[in-house]
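# Understanding the architecture of this molecule
For reference, the chains in residue letters:
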Amino acid sequence: MLAWAKGLLGHVPLYVALQRAIGADQLRNRCISELELKPGECVLDVGCGPAYYFERLPAVRYIGFDTDRRYIDYARRRWGDRAEFRCEAIAATHLAELPQADAVLLMGLLHHLSDDESANLLNLAARLLAPGGRVISLDTCFEPSQGRISRWMSENDRGRHVRQPEGFLALAREAFDAVDGEILSGVTRVPSSFWLMRMRSPAHSSTARSLAHARSESLPSWQGVANPST
Ligand SMILES: C[S@@+](CC[C@H](N)C(=O)[O-])C[C@H]1O[C@@H](n2cnc3c(N)ncnc32)[C@H](O)[C@@H]1O
């Protein structure tokens, strides 16, 4: 029954309507506001889904990656004339061709990825970042003060790697020198807890993009997770 209900979220208009109905769109808007994007900046949105928050962005250069064809088709139909949408997982092989990113969005993604996949992705995001660039992530989390309903929501999320904030922080600190975050609870209409995390200052700035570019063949690829279940 639960699996069937989760499967319905692959129906894109239903996913978008549900996000708005429960107020999850407000969380996305908050992440976007925190980035303080300026027109002309380059934004990479990894796990962009249908990118239903696209209209909230200023006139940036936007590149969205998602492994789900239905989400990418939906996004392309609406905003394909103003943005680039790619139906693939981002990988080290993209280092050579992608522009440097002023901001990387990872909204609702890390809790779908294992520790290794998350570490690879965060490392890649760090390498793709322009000087002064910032990364923001938003994920369902476990936290001590959450009530029973919120805990149930975390336990039954489609993502199979819902963590405590410390778990997300430990992964981020491997790739960034400046990391902080906060728990957001009571912000959606259904009790749920989220971890919003801000990342700056790539940890290995000496391994700059040029080096990463040269070594991209040997960097571990960040493998896509097909058909994630949130
Ligand atoms: C919970 S949705 C979030 C979508 C959107 N960012 C949002 O906030 O509404 C997670 C998305 O990550 C995508 N995804 C999962 N693994 C991925 C991967 N390895 N590469 C790219 N996208 C991935 C899924 O297809 C799904 O659309």
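Residues numbered from 1 in each chain as written. Predicted model: local features only at pLDDT ≥ 70, side-chain atom pairs only at ≥ 80, totals over all residues.

## Observations concerning the sheet that holds strand 6 (residues 176-185)
Where we set the bar: Two strands qualify as a pair provided DSSP detects at least 2 bridges between them. Counting from the N terminus, the helices are the DSSP runs of H or I reaching at least four residues and the strands are the DSSP runs of E reaching at least two. Only C-alpha atoms enter the line fits that serve as axes; for helices the fit covers just the stretch in contact. Angles between N-to-C directions range over 0 to 180 degrees. Once C-beta atoms are placed from the backbone, any two residues with those atoms within 7 Å are in contact.
If you trace the seven strands from one edge of the open sheet to the other, you get 3-2-1-4-5-7-6, paired in mixed fashion. Looking at which strands have only one partner, the edges of the open sheet turn out to be strand 3 (84-86) and strand 6. Averaged over all pairs of adjacent strands, the angle between strand axes in this sheet comes to 15°, irrespective of strand direction. The pairing of strand 5 (residues 129-140) with strand 7 (residues 193-202) spans seven bridges and is antiparallel. From the neighbouring strand, Ser137 faces strand 7, where its bridge partner is Met197. Contacts from helix 3 (residues 24-35) reach strand 4 (101-107), strand 5, strand 6 and strand 7, with the element oriented near 160° to strand 5.

## Regarding the pairing of strand 2 (residues 61-65)
Formally: Burial in this document is a count-based property: other C-beta atoms within 10 Å of a residue's C-beta are tallied, and the residue is buried at 20 or more, exposed at 12 or fewer, or partly exposed in between, with C-beta positions derived from the backbone.
A large share of strand 2 lies buried, amounting to four of its five residues. Direction of pairing for strand 1 (residues 42-46) relative to strand 2: parallel, over a ladder of five bridges. In the sheet register, Cys42 faces strand 2, and the bridge partner there is Arg61. Pairing between strand 2 and strand 3: three bridges, direction parallel. Residue pairing across strands places Gly64 opposite Phe85, the latter belonging to strand 3.

## With respect to the packing of helix 5 (residues 115-128) against helix 7 (residues 165-175)
As a reminder of what qualifies: Just so you know how the angles are binned, under 35 degrees is roughly parallel, over 145 roughly antiparallel, 65 to 115 roughly perpendicular, and the rest oblique. Take the far helix as your reference; a near helix turned counterclockwise from it by less than a right angle gives a left-handed crossing, and one turned clockwise gives a right-handed crossing. Throughout, the ten residues Ala, Val, Leu, Ile, Met, Phe, Trp, Tyr, Cys and Pro are labelled nonpolar, Asp, Glu, Lys and Arg are labelled charged, and all others, Gly among them, are labelled polar.
The geometry of helix 5 relative to helix 7 is characterised by a closest axis approach of 8 Å and an angle of 40° between their N-to-C directions. Here helix 7 runs oblique to helix 5, going by the angle between their axes. Between helix 5 and helix 7 the crossing geometry is right-handed. Listed contacts from helix 7 to Asp115, Ser118, Ala119, Leu122, Asn123 and Ala126 of helix 5 are Leu171, Ala172, Glu174 and Ala175. Class assignment of the residues belonging to the contact of helix 5 with helix 7 gives a composition of six nonpolar, two polar and two charged.

## Quick look at the nonpolar core
This is how the line gets drawn: Think of a nonpolar core as buried Ala, Val, Leu, Ile, Met, Phe, Trp, Tyr and Cys residues, each tied to the set through C-beta atoms within 7 Å.
Ranked by internal contacts, the top residues of the largest apolar core, which has 58 residues, are Cys31, Val46, Val104, Leu105, Leu106, Ala125 and Ala172. Residues contacting Val104, with those up to four places away along its chain left out, are Leu44, Val46, Ala125, Leu128, Leu129 and Val135.

## Details of helix 5
Worth spelling out the cut-off: Expected helix span is computed as 1.5 Å times (number of residues minus one).
With 14 residues, helix 5 should cover 20 Å at 1.5 Å per step; its first-to-last C-alpha distance of 20 Å lies within 8% of that length. Buried residues dominate helix 5, accounting for 11 of its 14 residues. Of all the positions in helix 5, only Glu117, Ser118, Asn120, Leu121, Leu122, Asn123, Leu124, Ala125, Ala126, Arg127 and Leu128 are classed as buried.

## Describing the confidence of the model for the chain
Heads up, the rule is: Confidence scores here are pLDDT values: one per residue, from the predictor, ranging 0 to 100.
Model confidence for the chain is summarised by a mean pLDDT of 89, while 84% of its residues fall at 70 or above. This model gives residues 206-230 a pLDDT under 50, and the stretch forms 45 contacts once residues within four places in sequence are excluded.

## A closer look at the environment of Leu121
Structurally, Leu121 is set in helix 5. Sequence separation of Leu121 and Ala92 is 29 residues, and the distance between their C-alpha atoms is 9.0 Å.

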